Amino acid sequence: MTIRPNVPMMKGATAALLLSSVASGALAQDAIRVISHRQPALEYYTQQMVEALPEGRVNVELMPIDKELELASITMSSESDAIDVLYLTDSSFKRFAANGWLEPIDDLWEKYSDEYDLDDFPQSVIDAVSYDGSIYAMPILTNTELFFYRKDLLDEAGIEPPETMDDYMAAASEMDSARRAGTIMSLKPVDAALNEAHWYMNAIGDGWFDEDWKPIFNNEAGVAAITRLKEMSEYAPRGFTAHANDESTINLQQGLATMGLQWFTRAAAMDNPEQSRVVDQIDWVAPPGGGARVANDGFAISAFSSGDREEMFKMMAEAASKESMQEGAKYAMPPRLSVLENAELAEQFRWYPAARAALESGKAFPAMPDFNDVGEIVTRHILRAVTGEAEVKEALDQAAAETEELLAGRGYYD
Amino acid sequence: MVRWQRGLWLFFLPSFGLLALVLLWPLGYAIYLSFFDYYLGSGERTFVGLANYADLLTEARLWNSMWTTILIAFGSVGVEFVVGFALALALYRLNRSAKVFSVLLFLPHIVTPVVAALFLKWMLASNWGFVDATLLTFNIEPPDWLGSPVWAKVSVILADAWVFTPLIMMVLYAALQGLDTSLIEAAQIDGAGSWSTLRHVIVPALIPAIIFVISIRLMDVFRFFDLIYVLTGGGPGTATETITIYTYQLGFRMLEVGKASALGVITLIVVAALLLTINRGLNKAYRGGDQ
């Protein structure tokens, strides 16, 4: 027996959950409500959206990515119009688009292509924000993970920046001390842990899935990858299992860790004298072994928004304009060709050469709408292995079995 | 029933209506949903009978989270009861300043649990947190409070105890105020020491309050969510994943609403059975001691 859910009933059931978060929106009913992950680049781009429309028209709320996705999932699944525009990573975007929760914007893209020079976005970026042949999001940043390291300390120890995972382990082991960890490690579930595991799984393992979406992360190479991750955790700061990007950034900025994987968007913060004790002491290379995460993220319009979609599109396009991205280049790698090819950027921002190399060696998450849910399963079991709750092989086998069950239930093997 | 009492049942209707709206309707709806395979993203649900229950009851994760819940629940309530009772006795013994101390000791309970958890999270943060920084100043290597499976459980238990010990303290302190002091005086005249007086006079007299406070706290702690969610998120791995955290993961992260509803129903049955058993046990002990 298959039933279409009673949408008004669902709305009622989720009303209480949304009440607190909607309260601010209710104060200014006509305002466009934008929700986004909080990080320097997105603080900048959401501010551009606020400035694109008259004062009071745009109401932005910034929060950690897991909270944002949770709020968005609850809101969209109840078909509520409480959110108008939302920031989505490439992996979460596919799930939202597949669920029918996002508004396709092909017509507006075509209409405003000349005005906002939208052909300036490379096709690969447009593909990344498209699903099933339709464009769903305005690309806002290309993000890649870089390998951050303390140049002063490595020079002093006569250690070259690592090129392979073995070099990385040797360097972290050499630099590890009671007061300064050999490496940062961000294993807070789900997003941060999934990013870290993605790198190991590509650099040492064979990736996540075969061509039929069957898990391969529990094969011999996958077990070796997570075993290495567990070994590397010996050199990580205490509390690494609860660390996400914020905690790892602080550890680097405060000189409490020597090296490790972190996003491009955190590079500028290393040279900010108001926050950092290591100004000019950090340098960057592409992550050793390659395969670290590359992401194309953007802003999308909710399919249930009662706002004016043309106005919202223009607001997003203003934030993604050439001028805006030229300015925003210090926070994140802009996806516009004209800005990326600007030679001045490399001179102005020290981390750009490493970022270009990381883009070439990096890898996006598997192109499946349910990868975040897979990530919830996989990171839980990887953490069981890393903390000694289970053996690596046993944990990965169980993760693979649960993943297969999940994907079978979602029709991947039909 | 006398004539004037005949229409009194009508006064029962508003409160029953409210209960039905906020308690029975969601409960009934959750039970209904638990019979469906319902992934929120798919937009449709399929009747599967008891399959969600069968799936859950054969899952190792459910039993792990159940044991974690029991461990954390009894650990927290145990610590809270011992410390709360000791504080209540200390306050009872104080001739002066008892009110000032009771207010000060009650402060952690006034703070919202989420705020308390955020505060504790920063206190326990590695390296730069207050606790770590203080210990490191004295060259003491602190444990990984929230990152090691064992210490994460301990931290969660202590965090809950920090917030809820004052409640137990206040209830028992209030009960002590009603204690017949002549019983204590009689025991002392008969030569009973402090321990004997406590064991044979004070504790039996406080049994009703003890049953009440332990039942209330156990009911509460089985629904324990906010502190764990903020402090550890159920991790590392599944070390602090209680049954409510697992329900939340299923419902709000995986959007598996049918399965999450089934887990909610299982939790309700298990907690109700457990509390009934504990209540009966304590009541039996009380009556046995009374005879």
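The numbers attached to residues start from 1 for each chain and follow its sequence in the written order. Each chain takes a letter, starting from A, and each ligand takes a number, starting from 1, following the order in which they are written. The predicted nature of this model means local features are confined to residues of pLDDT at least 70 and side-chain atom pairs, given and counted, to a pLDDT of 80 or more, with totals for whole chains, interfaces and linings taken over all residues.

A. Representation of the overall build of chain B within the structure. Each helix is a run of H or I in the DSSP string that is no shorter than four residues. Each strand is a run of E no shorter than two, and both are numbered from the N terminus. A tally of helices and strands in chain B yields twelve helices and two strands. If you list the helices and strands of chain B from N to C, you get α-β-β-α-α-α-α-α-α-α-α-α-α-α. Along the longest, intermediate and shortest principal axes, the C-alpha atoms of chain B span 80 × 75 × 30 Å. Here chain B, with 291 residues, has 33% of them falling under the buried criterion. Here, residue contact means that the backbone-derived C-beta atoms of the two residues sit within 7 Å. Relative to all contacts within chain B whose residues are 6 or more apart in sequence, the contacts with residues 24 or more apart total 70%. With C-beta atoms placed from the backbone, a residue counts as buried when 20 or more other C-beta atoms lie within 10 Å of its own, as exposed when 12 or fewer do, and as partly exposed for counts between those limits.

B. Spatial organisation of the overall build of chain A. When helices and strands are counted, chain A shows 19 helices and ten strands. Here the radius of gyration uses the C-alpha set of atoms, whereas the globule reference equals 2.2 Å times the residue count to the power 0.38. Radius of gyration (C-alpha) of chain A: 22 Å, near the 22 Å computed for a compact globule of 414 residues. When its C-alpha atoms are laid out on the principal axes, chain A stretches across 60 × 55 × 40 Å. Considering chain A as a whole, with its 414 residues, one finds that 50% of them fall into the buried category. Residue pairs in contact within chain A that sit at least 24 positions apart in sequence constitute 76% of those at least 6 positions apart.

C. Seen up close, the UniProt feature "transmembrane region" (unreviewed entry) in chain B. Residues and elements named next belong to chain B. UniProt positions are given in the numbering used here, feature names are shortened, and annotations may be inferred rather than shown by experiment. Annotation from UniProt places "transmembrane region" (unreviewed entry) at residues 66-92, 104-130, 150-176, 197-219 and 260-278. Between the C-alpha atoms that bound residues 150-176 the distance is 36 Å, and the span itself is 100% helix and 0% strand. Taken end to end, residues 197-219 is 100% helix and 0% strand, and its first and last C-alpha atoms sit 30 Å apart.

D. Structural context of helix H18 (residues 371-386) of chain A. Residues and elements named next belong to chain A. Expected helix span is given by 1.5 Å per residue-to-residue step, counting one fewer step than there are residues. For H18, spanning 16 residues, the distance from its first C-alpha to its last is 21 Å, which sits close to the expected 22 Å at 1.5 Å a residue. The buried fraction of H18 is high, at 16 of 16 residues. Phi for Gly388, located one or two positions after H18, is positive at around 85°.

E. Summary view of the pairing of strand S3 (residues 58-63) of chain A. All names here are of chain A. The sheet contact formed by strand S2 (residues 32-37) and S3 spans six bridges and is parallel. Across the sheet, residue Ser36 finds its bridge partner in S3, namely Leu62. A crossover connection joins S2 to the parallel S3 through helix H2 (residues 40-52); in handedness this β-α-β unit is right-handed. Any two strands between which DSSP finds at least two bridges are classified as paired. Here, the term right-handed applies to a crossover whose path from the first strand over the helix to the second runs clockwise when the strands point away from the viewer.

F. Molecular detail of the interface of chain A and chain B. Facing 28 residues of chain A, the contacting portion of chain B comprises 29 residues. When residues of the side of chain A that touches chain B are assigned to their parent elements, the largest contribution, five residues, is made by H18(A). Partitioning the side of chain A that touches chain B into residue classes produces eleven nonpolar, eight polar and nine charged. For this scheme, ten residues count as nonpolar: Ala, Val, Leu, Ile, Met, Phe, Trp, Tyr, Cys and Pro. Four count as charged, namely Asp, Glu, Lys and Arg, and the remainder, Gly too, count as polar.

G. Region of the structure containing the domain arrangement of chain A. Residues and elements named next belong to chain A. Domain start and end points were adopted from an automatic or database domain assignment. Annotation of chain A at the domain level lists domain 1 (27-143 + 295-361) and domain 2 (144-293 + 366-409). Relative placement of domain 1 and domain 2: their C-alpha centres are 26 Å apart. Taken together, the contact pairs 24 residues of domain 1 with 24 residues of domain 2. Mapped by element, the contributors of at least two residues to the side of domain 1 that touches domain 2 are H2, helix H3 (65-77), helix H4 (90-98), strand S7 (137-150) and helix H17 (352-361). A breakdown of the residues in the side of domain 1 that touches domain 2 according to their chemical character gives 14 nonpolar, six polar and four charged.

H. Looking closely at the nonpolar core. Each nonpolar core consists of buried Ala, Val, Leu, Ile, Met, Phe, Trp, Tyr and Cys residues. Their C-beta atoms, within 7 Å, join them into a set. Ranked by size, the top nonpolar core spans 116 residues in total, and within it A:Tyr136, A:Leu146 and A:Met316 carry the most contacts. Viewed by domain, this core spans two of them, domain 1 (27-143 + 295-361) and domain 2 (144-293 + 366-409) of chain A, each represented by three or more residues. When near neighbours in sequence (up to four residues on either side) are disregarded, A:Leu146 contacts A:Gln262, A:Phe264, A:Ala267, A:Trp284, A:Pro287, A:Trp351, A:Ala354, A:Ala355 and A:Ala358. Counting 56 residues, the second-largest nonpolar core is a separate cluster that includes B:Phe35, B:Val77, B:Phe222 and B:Ala262.

I. Spotlight on unusual backbone geometry. With an omega of 0°, the peptide bond running from A:Pro189 to A:Val190 counts as cis. Within the element layout of this structure, A:Val190 appears in the loop between helix H8 (165-175) and helix H9 (191-203). The phi dihedral of A:Asp132 is positive, around 55°, even though this residue is not glycine. Among the structural elements, A:Asp132 can be located in the loop between strand S5 (130-131) and strand S6 (134-135). A count of 9 C-beta atoms within 10 Å places A:Asp132 in the exposed class. Positive phi is not limited to glycine here, since B:Asn139 has a value of about 55°. Its place among the elements puts B:Asn139 in the loop between helix H6 (130-137) and helix H7 (149-177).

J. Focus on the packing of H9(A) against H18(A). All names here are of chain A. Between H9 and H18, whose axes approach to 9 Å, the crossing angle comes to 75°. As summarised for this structure, H9 and H18 are arranged roughly perpendicular, according to the angle between their axes. Residue-level contacts link Ala193, Leu194 and Ala197 of H9 to Gly375, Val378, Thr379, Ile382 and Leu383 of H18. For the contact of H9 with H18, the per-class residue count stands at six nonpolar, two polar and no charged. Note on geometry: axes are C-alpha line fits, over the in-contact stretch for helices, and angles between N-to-C directions span 0 to 180 degrees. Note on angle classes: values under 35 degrees are labelled roughly parallel, values over 145 roughly antiparallel, values of 65 to 115 roughly perpendicular, and the remainder oblique.

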